[in-house]
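If you want the building blocks of each chain, they are given just below.
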Amino acid sequence: MTVAAVREARALAWARGGAIVAFIGAFTVPTIANFGVAALVIGFAFLPSAGARLRAVLRGPLPRAALVLLAVMALATLWSSAPWRVRADHLWGWRTLLVMVLCLAVFDSREAKVRLVLAAVPVTLIGSAAAWVTWALDYQVFPIHPAGTVLRDGVTQGLAFAVCAYLATVVALSEGALDRRLRLALLCAASLLVTSLLFVTAGRSAQIALVVMAIVTALALLRGRARIAVIVLAPVVFVLGVLIAPMAKERFLLGWTEYRTEAQLDRVTSIGIREVIWRLTARMIEERPLLGFGTGAFANEYTARARQTQSGWRATPVEDPHSEYLSIQVQAGVLGTLAFAWFLLAAARQRAPMPYRACAIAVLASWATTSLASSHFETFNQSHMIAVLLGCLLGAEDQAPSVRSTAASTSS
């Protein structure tokens, strides 16, 4: 093996390992996620084929759409009413788009995609076991979250369980070269994670996300009766699971009650405050539909209007509108909304090998659905998760040979 080839292999392993660590850190410890991103960047910088990989990746629709979205959010800082430090902080939150581009450039092998799943699933299983223990002991790891929440918060934990259960199932069923015992272990892990998701995890978003992933995958990969069966059975199984699992049933009933009785509520609740936020944000959008209020300006602008028009708990300041679509529109206006829509469409058009292309679209669809009531593309945990997943799953394996030959010819 030549010196260049050795450098390529080591740097590539470092970059891929960093991305995997970033994904795991996103739902465990943010500091670990930051270290993982740093390792990804350093590993990529030392890749002899870095330039060739970037040129190959930037020919695809998704990276170009990601850069346009980032540019639009940067442009929106110019007319923001927020202090420059706040503008910079919010713009920095969109750095995950660049993380995604780097992941697209290094995850150009099927083995690397499988390795991410095999690394993440055991971590979520440990989290699942800890969740069951704390739930059984009625012990709160985080004071503001119920017992059974051990991975950051209910939404993050739930999405980690849902995504890893989903990917474990896909890998077990599609990677015939894997040891049969390992494939069986992955299916068992998926079952355990889904059980934990329903019985001990408070987040509602992840349970909806899992159904969306199942339906989108069925539409993309299955045909005939198998497709119809999954599309019909997935919602039915979801409803049955919610009815059987006390935690899931309680959370959905609580959400419905808060929605119906918002006018009579006397304190801040998850759904009740969202209704107030959405109404006020809609009025803000009517004020400045074309340009919005600028990147990072939402909190100050919303707080001022809430205190003028609301009283009691309804005047509570908030940091974001709890909807990705409202967040982008209120910050960057129509231009931002169009850029974000292009980003979602470009991800669906990005060429990649099956079944991982279908997996990426399914995961993205789940994020897009749950982001109707949350800002999952901007929140640290969820944004890092989706960035690494899209980059890993949509890495174009057919570009690897030409990239490697270019690196070999340009390195000494």
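The shown structure was predicted, so the numbers you read here are calculated from the model rather than taken from an experiment. (Residues numbered from 1 in each chain as written. Predicted model: local features only at pLDDT ≥ 70, side-chain atom pairs only at ≥ 80, totals over all residues. Heavy atoms only, no water.)

### Some thoughts on the layout of surface pockets
Quick reminder of the rule: Both site types are read off a 1 Å grid over the protein atoms alone. A 1.4 Å probe that fits but cannot get out defines a cavity, while an open set with protein on both sides within 12 Å along at least five of seven lines defines a pocket; lining residues have an atom within 4 Å of a point. Grid points are joined across faces, edges and corners, and a volume is the space filled by probe spheres set on the points. Note on conventions: DSSP H or I runs of at least 4 residues are helices, E runs of at least 2 residues are strands, and numbering of each starts at the N terminus. Polar here means any residue other than Ala, Val, Leu, Ile, Met, Phe, Trp, Tyr, Cys and Pro, which are nonpolar, and Asp, Glu, Lys and Arg, which are charged; Gly is therefore polar.
Here the second largest pocket is characterised by a volume of approximately 720 Å³. Thr169, Leu210, Ala214, Val230 and Ala234 are the residues nearest the centre of the second largest pocket, which is lined by 27 residues in total. Counting residues per element, the ones that place at least two in the lining of the second largest pocket are α8 (154–174), α9 (180–199), α10 (205–221) and α11 (224–244). With eight residues, the top contributor of residues to the lining of the second largest pocket is α11. Across the lining of the second largest pocket, the residue classes break down as 22 nonpolar, five polar and no charged.

### Focus: the pattern of salt bridges
The condition is simple: Every case where a carboxyl oxygen of Asp or Glu lies within 4 Å of a side-chain nitrogen of Lys or Arg is listed as a salt bridge. Burial classes: relative accessible area under 20% of the type maximum marks a residue as buried, over 50% as exposed, and values in between as partly exposed (1.4 Å probe, protein chains only).
Under the criterion given, the structure shown has nine salt bridges. We note a salt bridge from Arg53 to Glu8, for which the minimum N-O separation is 3.1 Å. Taken together, the residues Arg53 in helix α3 (residues 50–57) and Glu8 in helix α1 (residues 3–26) connect sequence positions 45 residues apart. The pair formed by Arg53 and Glu8 is uniform in burial state, with each residue classed as buried. One salt bridge connects Arg305 with Glu287, and the closest N-O pair in it is separated by 2.9 Å. Here Arg305, found in helix α14 (residues 298–309), pairs with Glu287, found in helix α13 (residues 270–287); they are 18 residues apart in sequence, far enough to count as distant. You can call Arg305 buried: its relative accessible area is 19%. What makes Glu287 partly exposed here is its relative accessible area of 47%. Through salt bridges that share partners, Glu8, Arg16, Arg53 and Asp108 make up one connected network.

### Considerations on the environment of Asp153
Going by this rule: Throughout, a residue-residue contact means that at least one pair of heavy atoms, one from each residue, lies within 4.5 Å. Any pair of N or O atoms that falls within 3.5 Å is considered a polar contact. Within protein, one atom must be able to donate a hydrogen and the other to accept it, and sequence-neighbouring residues count only if both atoms are side-chain atoms.
Mapped onto the elements of the fold, Asp153 is located in the loop between α7 (110–136) and α8. Asp153 gets classed as buried once you look at its relative accessible area, which sits at 17%. In contact with Asp153, not counting residues within four places along its chain, are His145, Asn381 and Gln382. A polar contact of 2.7 Å, which involves the side chain of Asp153, links it to the backbone nitrogen of Thr156.

### Focus on the packing of aromatic side chains
As a reminder of what qualifies: Stacked, tilted and edge-to-face are the three classes assigned to paired rings of Phe, Tyr and Trp, where Trp is represented by its six-membered ring and a pair needs centres within 6.5 Å; plane angles under 30 degrees give stacked, over 60 edge-to-face, the rest tilted.
One pass over the full model with this rule turns up seven aromatic pairs. Both rings, one in Phe340 and one in Phe343, keep their centres 6.3 Å apart while their planes meet at 20°; by these two values the pair is stacked. Residue Phe340 and its partner Phe343 are both found in helix α15 (residues 324–349); the two are separated by three residues, about one turn of the helix. Owing to a relative accessible area of 3%, Phe343 belongs among the buried residues under this scheme. When the ring of Phe340 is compared with that of Phe377, the centres are 5.2 Å apart and the planes differ by 80°; the resulting orientation is edge-to-face. Placement of the pair is Phe340 in helix α15 and Phe377 in the loop between α16 (356–370) and α17 (380–393), with a sequence separation of 37 residues. Neither Phe340 nor Phe377 differs from the other in exposure class; each is buried.

### What to know about unusual backbone geometry
Only a minority of non-glycine residues have a phi that is not negative, and only a minority of peptide bonds are not trans. Residue Pro355 is bonded to the preceding Met354 through a cis peptide linkage, with omega at 5°. Although it is not a glycine, Asp138 sits at a positive phi angle of roughly 55°. For Asp138, the position within the fold is in the loop between α7 and α8. With a phi angle near 55°, His322 is a residue other than glycine that sits in the positive phi range. For His322, the position within the fold is in the loop between α14 and α15. Note on His322: relative accessible area 23%, which makes it partly exposed.

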